[in-house]
There are 2 protein chains.
Amino acid sequence: MDRDKILLTPGPLTTTLRTKLAMLRDWGSWDADFNAVTAGLRRSLLQIVQGTDSHVVVPLQGSGTFSVEAAVATVVPRDGHVLVLDNGAYCKRAARLTTMMGRRCSVLAFDEAQPVSADALDDKLQSDASISHVVLIHCETGAGVLNPLQAVAEVCEKHGKGLIVDAMSSFGALEIDARKTRFDALVAASGKCLEGVPGMGFVFIRKAVLDACAGNSQSLAMDLHDQYVYMEKTTQWRFTPPTHVVVALAEAVRQFEEEGGQPARLERYTANYEVLVQGMAALGFKPFLDPAVQAPIIVTFHAPDHPAYQFKAFYEAAKRHGFILYPGKLTQIETFRVGCIGAIGPDEMRQAVQAVGLAMREMGIPCTD
Amino acid sequence: MDRDKILLTPGPLTTTLRTKLAMLRDWGSWDADFNAVTAGLRRSLLQIVQGTDSHVVVPLQGSGTFSVEAAVATVVPRDGHVLVLDNGAYCKRAARLTTMMGRRCSVLAFDEAQPVSADALDDKLQSDASISHVVLIHCETGAGVLNPLQAVAEVCEKHGKGLIVDAMSSFGALEIDARKTRFDALVAASGKCLEGVPGMGFVFIRKAVLDACAGNSQSLAMDLHDQYVYMEKTTQWRFTPPTHVVVALAEAVRQFEEEGGQPARLERYTANYEVLVQGMAALGFKPFLDPAVQAPIIVTFHAPDHPAYQFKAFYEAAKRHGFILYPGKLTQIETFRVGCIGAIGPDEMRQAVQAVGLAMREMGIPCTD
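Keep in mind it's a predicted model, so treat the numbers as computed, not measured.

Help me understand the overall build of chain A, please; the structure alone is not making it clear to me.
Per the secondary structure count, chain A includes 12 helices and 14 strands. The C-alpha extent of chain A, read off along each of the three principal axes, is 60 × 55 × 35 Å. Here chain A holds 369 residues, and 66% of them are scored as buried. Looking at chain A as shown, the accessible area adds up to about 13100 Å², and 50% of this sits on carbon and sulfur atoms. Here chain A contributes 35 positive and 41 negative side-chain charges, whose respective centroids are spaced 3 Å apart.

See below:
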């Protein structure tokens, strides 16, 4: 049976057929019809964060990481000093790209099983006045931890520091309200909780800092200020846009709105998460994180402590039963990850748990259930 | 009638339904099935330039310009000196991105209606030994000029200089043979003459210079050496690939091979070009370029010298009749452009000429025909 597998991965993820069908048409990138799609999409994205008054949104070609790099390059001046709050792999990547582009970068390290601490940030900003910007990963999918966006934003505001938020894995699922939470830049991408296909990111930039961003970037492709100015002037993207990805995202956002927006999406993902964790617990699997710090986006499970276990064989067995799992990203502990996001509901999660149980049995590893 | 318009634009362009249908499936970016698609695509791309022995190919997320920037950032050392052979808008863009990233950059300027001169390059390299790399745009679509790749490559080889070729608009249609033509990097993209959808580029890098590329890039996202090393080690892309764009390109390349590869594609585009130019001449339109320097990719026409002519109205009228034209990119002269590339043949070009004639009549501009 060549039935499509369900992706339990944190993007690319399973999208609806309706979203994919939007790609069955070619669009001229200079044409007004296409530019109206871009404009409508940008309006919708701003509404999702209640940011129409306070922010602009700038789409960018490429993967989400390209948009993170572009956000840092655009918002942080050449002589800025970035502090990355680090509790996982994506934080380390943000620090690496910041250092590579020549911005001064410091790292405040936390346990990867715990959220970063706004109090520790407060102390750090007190003691080092040279820091100009803070980078926070909202949901660090390395382990799946939800970081305290609101508390971190308040500390940054108190000290007058810029805040850059990587909201890649949380945007659309967890509440982000630009009226309540002050950020200079917030980054997300098409192929995550909005359930589009991968190929573009987008960055919200606070209007109050926008003009000062001119000339910061040392990369033409990643200059979000230049992209913004050109787009406002011409309605077009500066360089060839991924037209099919853009129209698929616009179609995905329409379905997001029809479903009831972020609260409805969070509700569905939370239901997915609960079915998953309860079902896996019944099979004897333990989540790596304390549920109190776990986002309902992606769950890290300890690998079974059994000599017959190998991730590759486990992955292949689950795939034969229709589900694509995700490897762990922790360096010290053997884990695997299961995403709760995408165009799937509790039924698919129940089937996924069943597939995991079958996979274990086939590997000769006893399950509780 | 909401029939799809034919795109006479130099990418995004009209693709086959078969190519678009390949996007109706979601792929896990970590999964072996998807990574086999990437590997097969890379093998096919290398075969198109006969570069399997001499070069590697590194795909990159984003538009073609991202890949041009990445090629310069990866191949040119921080203390390198780039000479851009400039006969149009895309040359100027290459110079701009090179300067922005902090590489020393010089420009050798030519008339935008003429190919760049290999003899002038020879003189320049003779007189300035500090130049380390030359950037050439193979087909400069600003006007549509075909530049002398082989002659420029020979001059670069004679002087021991690196050559970076932007072959965005020529790759797949015009002959490029890595066994005959020495280049350090050659850049193209998915949504051009291979007739895929836009969203990724790819860069051929000469194996002899590959190791020296480590650490050159000041951008993480655009570090093609890092992308290459990771891809060889893991079979995966470093950051989320545009999965649907990748599988669409793989499907487009299969059709490219079935059609008969580059010679067959050149033959079809040349037929398109001839039908277009003859038909437009019959309507009284004059091409901007001397046919001797014109690539059969995109043709720049002088706008009619008539007070009723306005590009916007002309564009809208042609669009109503089913065809999307492209604006001119010359600064001094009023022109428009018509692409000859995409999943179209002489029938579509004849219909396009007819649509142009109708548009002129509707604007009240007399046509010869």
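I tried to follow the domain arrangement of chain A on my own but got confused; where do I start?
It is common to give the size of an interface as the accessible area lost on bringing the parts into contact. Residues and elements named next belong to chain A. Split by domain assignment, chain A resolves into domain 1 (6-11 + 261-362) and domain 2 (17-258). Between the C-alpha centres of domain 1 and domain 2 the distance comes to 27 Å. Roughly 2100 Å² is buried in total at the junction of domain 1 and domain 2, and carbon and sulfur atoms are behind 57% of that figure. Broken down residue by residue, the surface that domain 1 buries against domain 2 is led by Q262, R265 and V293, which jointly contribute 27%.

Just checking my understanding: could you explain the pairing of strand β4 (residues 104-109) of chain A for this structure?
For a regular strand, the rule is simple: side chains alternate between the two faces of the sheet. All names here are of chain A. As paired strands, strand β3 (residues 81-86) and β4 are joined by six bridges and run parallel to one another. Directly across from V84, in β4, lies its bridge partner V107. You can see the chain leave β3, run along helix α4 (residues 89-100) and come back into β4, and the turn it takes is right-handed.

It is not clear to me how the sheet that holds strand β13 (residues 326-327) of chain B should be interpreted in this structure. Could you clarify?
Across a sheet, strands are paired by hydrogen bonds formed along the backbone, either parallel or antiparallel in direction. All names here are of chain B. Taken together, three strands build an open sheet; the order of strands is β11-β14-β13 and the sheet is antiparallel. For this open sheet the edge positions go to β11 (298-302) and β13, each flanked by a neighbour on one side alone. As paired elements, β13 and strand β14 (residues 335-339) share two bridges and run antiparallel to each other. Opposite Y326, over in β14, you have R337 as the bridge partner. Running at roughly 10 degrees to β11, helix α10 (residues 261-282) makes contact with β11 and β14 of the sheet.

I tried to follow the nonpolar core on my own but got confused; where do I start?
In summary, soluble globular proteins display a tendency toward joint burial of nonpolar side chains. Grouped together as the largest cluster of nonpolar side chains are 100 residues, with contacts concentrated most on F171 of chain A together with F171 of chain B. In this view, F171 of chain A contacts L45, I48, V49, I176, L186, A188, C193, L194, F202 and F204 of chain A; residues no more than four positions away in its chain are not counted. V187 and C213 of chain A together with V68 and M222 of chain B belong to the second-largest nonpolar core, a separate cluster that totals 76 residues.

Can you walk me through the interface of chain A and chain B in this structure?
In this complex, chain A contributes 57 residues to the contact, which on the side of chain B involves 57 residues. When chain A packs against chain B, close to 4800 Å² is buried across both sides, 63% of that on carbon and sulfur atoms. Scanning the region where chain A abuts chain B turns up 10 salt bridges. A salt bridge links R96 of chain A to D226 of chain B, with the nearest nitrogen and oxygen atoms 3.3 Å apart. Our count for the chain A to chain B interface comes out at 20 residue pairs in polar contact (both at pLDDT 80 or more). Contributions of two or more residues to the side of chain A that touches chain B are made by α1 (17-21), β2 (55-61), α3 (64-75), α4, α9 (243-259), α11 (311-320) and β13 (326-327) of chain A. Looking at side-chain class alone, the side of chain A that touches chain B contains 27 nonpolar, 16 polar and 14 charged residues.

Is there a simple way to think about the environment of A32 of chain B in this case?
With respect to the secondary-structure elements, A32 of chain B resides in helix α2 (residues 32-48). For A32 of chain B and H55 of chain B, which are 23 residues apart along the polypeptide, the C-alpha to C-alpha distance reads 24 Å.

I tried to follow the relation of the copies chain A and chain B on my own but got confused; where do I start?
Take chain A, turn it by 180 degrees, move it 0.0 Å along the axis, and it overlays chain B with an RMSD of 0.0 Å. When the rotation and shift are considered jointly, the pair of chain copies conforms to a two-fold rotation axis. The rotation axis passes nearest to the C-alpha of G62 of chain A in chain A, at a distance of 2.0 Å.

Which parts of the structure should I look at to understand the packing of aromatic side chains?
Any two aromatic rings considered together are summarised by their centre-to-centre distance and by the angle between their planes. In total, this model carries 27 aromatic pairs over all chains according to the counting rule given. Here F285 of chain B and F301 of chain B contribute two aromatic rings whose centre-to-centre distance is 6.4 Å and whose plane-to-plane angle is 70 degrees, an arrangement assigned as edge-to-face. Residue F285 of chain B is found in the loop between α10 and β11, and its partner F301 of chain B is found in strand β11; the two are separated by 16 residues along the sequence. One exposure class covers both F285 of chain B and F301 of chain B, and it is buried. Among the aromatic residues, those joined into a cluster by ring pairs are F285, F301, Y309, F314 and F336 of chain A. Here R25 of chain A stacks its cationic end above the ring of W27 of chain A, 4.2 Å away from the centre of that ring.

For this particular structure, what's the right way to read helix α8 (residues 224-234) of chain A?
Spacing of three or four residues puts side chains on the same side of an α-helix, whose turn is 3.6 residues. All names here are of chain A. Considered for burial, the residues of α8 that qualify are L224, H225, Q227, Y228 and M231. Down the axis of α8, the buried set is contained in an arc of 160 degrees. They therefore lie on one face. If you follow the buried residues of α8, they end up packed against α2 (32-48), β2, α3, β10 (200-206) and α7 (207-210). Its side-chain oxygen placed 3.1 Å from the backbone nitrogen of H225, D223 serves as the N-cap of α8. Positive phi shows up at T235, right after α8, with a value of about 70 degrees.

Is there a simple way to think about the packing of helix α10 (residues 261-282) of chain A against helix α12 (residues 346-363) of chain A in this case?
Angle between the axes and distance between the axes: these two values describe a pair of packed helices. All names here are of chain A. Where α10 contacts α12, the two axes come as close as 8 Å, and the packing angle between them is 20 degrees. Relative to α12, the element α10 is oriented roughly parallel. The handedness of the crossing between α10 and α12 is right-handed. For the pair formed by α10 and α12, the contact residues are A271, N272, V275, L276, G279 and M280 on the first element and P346, M349, R350, V353 and V356 on the second. The residue makeup of the contact of α10 with α12, split by class, is eight nonpolar, two polar and one charged.

Reading the values: rules and limits
- Residues numbered from 1 in each chain as written.
- Chains lettered and ligands numbered in written order.
- Predicted model: local features only at pLDDT ≥ 70, side-chain atom pairs only at ≥ 80, totals over all residues.
- Heavy atoms only, no water.
- Helix = DSSP H or I, 4+ residues; strand = E, 2+ residues; numbered from the N terminus.
- Buried < 20%, exposed > 50% of the residue type's maximum accessible area, 1.4 Å probe, protein only.
- Areas by Shrake-Rupley, 256 points an atom, 1.4 Å probe, with all protein chains shown as cover.
- Lys, Arg positive; Asp, Glu negative; His and termini not counted.
- Charge placed at Lys NZ, Arg CZ, Asp CG, Glu CD.
- Domains from an automatic or database assignment.
- Buried area = accessible area lost by both parts, 1.4 Å probe.
- Pairing = 2+ DSSP bridges.
- Right-handed = clockwise from strand over helix to strand, strands pointing away.
- Contact = heavy atoms within 4.5 Å.
- Axes fitted to C-alpha atoms, helices over the stretch in contact; angles between N-to-C directions.
- Core = buried A, V, L, I, M, F, W, Y, C linked by side-chain atoms within 4.5 Å.
- Salt bridge = Lys/Arg side-chain N within 4 Å of Asp/Glu carboxyl O.
- Polar contact = N/O pair within 3.5 Å; in protein donor to acceptor, adjacent residues only side chain to side chain.
- Nonpolar A, V, L, I, M, F, W, Y, C, P; charged D, E, K, R; others polar.
- Least-squares fit on C-alpha atoms with pLDDT ≥ 70 in both.
- Phe/Tyr/Trp six-rings, centres within 6.5 Å; stacked < 30°, edge-to-face > 60°.
- Lys NZ or Arg CZ within 6 Å of the ring centre and 35° of its normal.
- Arc of directions from axis to C-beta.
- Parallel < 35°, antiparallel > 145°, perpendicular 65-115°, else oblique.
- Left-handed = near helix turned anticlockwise from the far one by under 90°.

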